[in-house]
Amino acid sequence: VDRRQFHIDAPRLADFVDDAGCFVAGELALRRVSVDAPWGDAERLWDRFRAATDFIRARCEPHFQKMREERVASLEKKSAIVIEAESLVESSDWAKATVRFQELQKAWEESGSAPRDAGRELSQRFRAASNAFFTRRREDLASRKKVEEGGARHGQFRKGRECAAEHSTTPAPSSGRHVSSRRH
């Protein structure tokens, strides 16, 4: 097949476009056309190629616009999640804050994708807030455990001292016999 004779039919290429508006298959099909033609023919082929891709892009633009709008909405949701997560970092109500962080993590996953750079920055902020909160919580629990263990040891020591004092002041039970001293 002579590549200069390749006819680019925009309506036929539109069949490559799926219902979601993705023109990747059509674009790939068009890129297979190599231009090994003299300048005049190559320019005509290029014009037909551009017409076909413009047709496909026009058909796909509503889909891409919808995707952009969804990313902006996702960015707004993620931003609100990050702000709330950062406000919870200093919370000492461990139970409520932990449950809320878990809800925020789930909401984060469900919020969709955001524009790349802004999404990456928000993701780093959210991860930092989560890590800071859970590190503080872990440290608090460890210090409480240490205090409780120390208190338990202190309580055992105290109990032991009280038992010793109790036994030293209590007279030994008498057997009924009195030991008399020897006389010489």
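Let me sum up the structure you'll find in this document. Small disclaimer: the values here were computed from a predicted structure and weren't measured.

1. Structural notes on the packing of aromatic side chains
Given two aromatic rings, their pairing is described by the distance between the two centres and the angle made by the two planes.
1) Next: Following the criterion strictly, the structure yields six aromatic pairs and no others.
2) Next: Judged by centre distance (4.7 Å) and plane angle (5°), the ring pair of tryptophan 108 and phenylalanine 126 falls under stacked. Here the residue tryptophan 108 occupies a position in helix α4 (residues 94–110), and phenylalanine 126 occupies one in helix α5 (residues 116–169), the gap between them amounting to 18 residues.
3) Next: For tryptophan 108, a relative accessible area of 9% gives the class buried.
4) Next: Given the relative accessible area of 7%, phenylalanine 126 is considered buried.
5) Next: The ring centre of tryptophan 108 lies 4.0 Å from the NZ or CZ of lysine 78, which sits over that ring.

2. What to know about the nonpolar core
1) Next: Core analysis: the biggest nonpolar cluster contains 14 residues, and Ala85, Leu104, Trp108 and Phe126 have the highest contact counts within it.
2) Next: Listing elements by their share of this core, those giving two or more residues are α3 (39–88), α4 and α5.
3) Next: Broken down by element, the residue count for this core peaks at five residues, all from α4.
4) Next: Non-local contacts of leucine 104, meaning those with residues more than four positions away in its chain, are made with Ile81, Glu84, Ala85, Leu88 and Phe126.

3. Re α4
1) Next: Its 17 residues place the ends of α4 24 Å apart at the C-alpha level, agreeing with the 24 Å of an ideal helix rising 1.5 Å per residue.
2) Next: Among the residues of α4, Trp94, Ala97, Thr98, Phe101, Leu104 and Trp108 are the ones counted as buried. Looking straight down α4, one finds its buried side chains confined to an arc of 120°; they lie on one side. When the buried face of α4 is taken as reference, the exposed residues oriented beyond 90 degrees from it are Ala95, Lys96, Lys106 and Glu110.

Reading the values: rules and limits
Residues numbered from 1 in each chain as written. Predicted model: local features only at pLDDT ≥ 70, side-chain atom pairs only at ≥ 80, totals over all residues. Heavy atoms only, no water. Phe/Tyr/Trp six-rings, centres within 6.5 Å; stacked < 30°, edge-to-face > 60°. Helix = DSSP H or I, 4+ residues; strand = E, 2+ residues; numbered from the N terminus. Buried < 20%, exposed > 50% of the residue type's maximum accessible area, 1.4 Å probe, protein only. Lys NZ or Arg CZ within 6 Å of the ring centre and 35° of its normal. Core = buried A, V, L, I, M, F, W, Y, C linked by side-chain atoms within 4.5 Å. Contact = heavy atoms within 4.5 Å. Expected span 1.5 Å × (residues − 1). Arc of directions from axis to C-beta.

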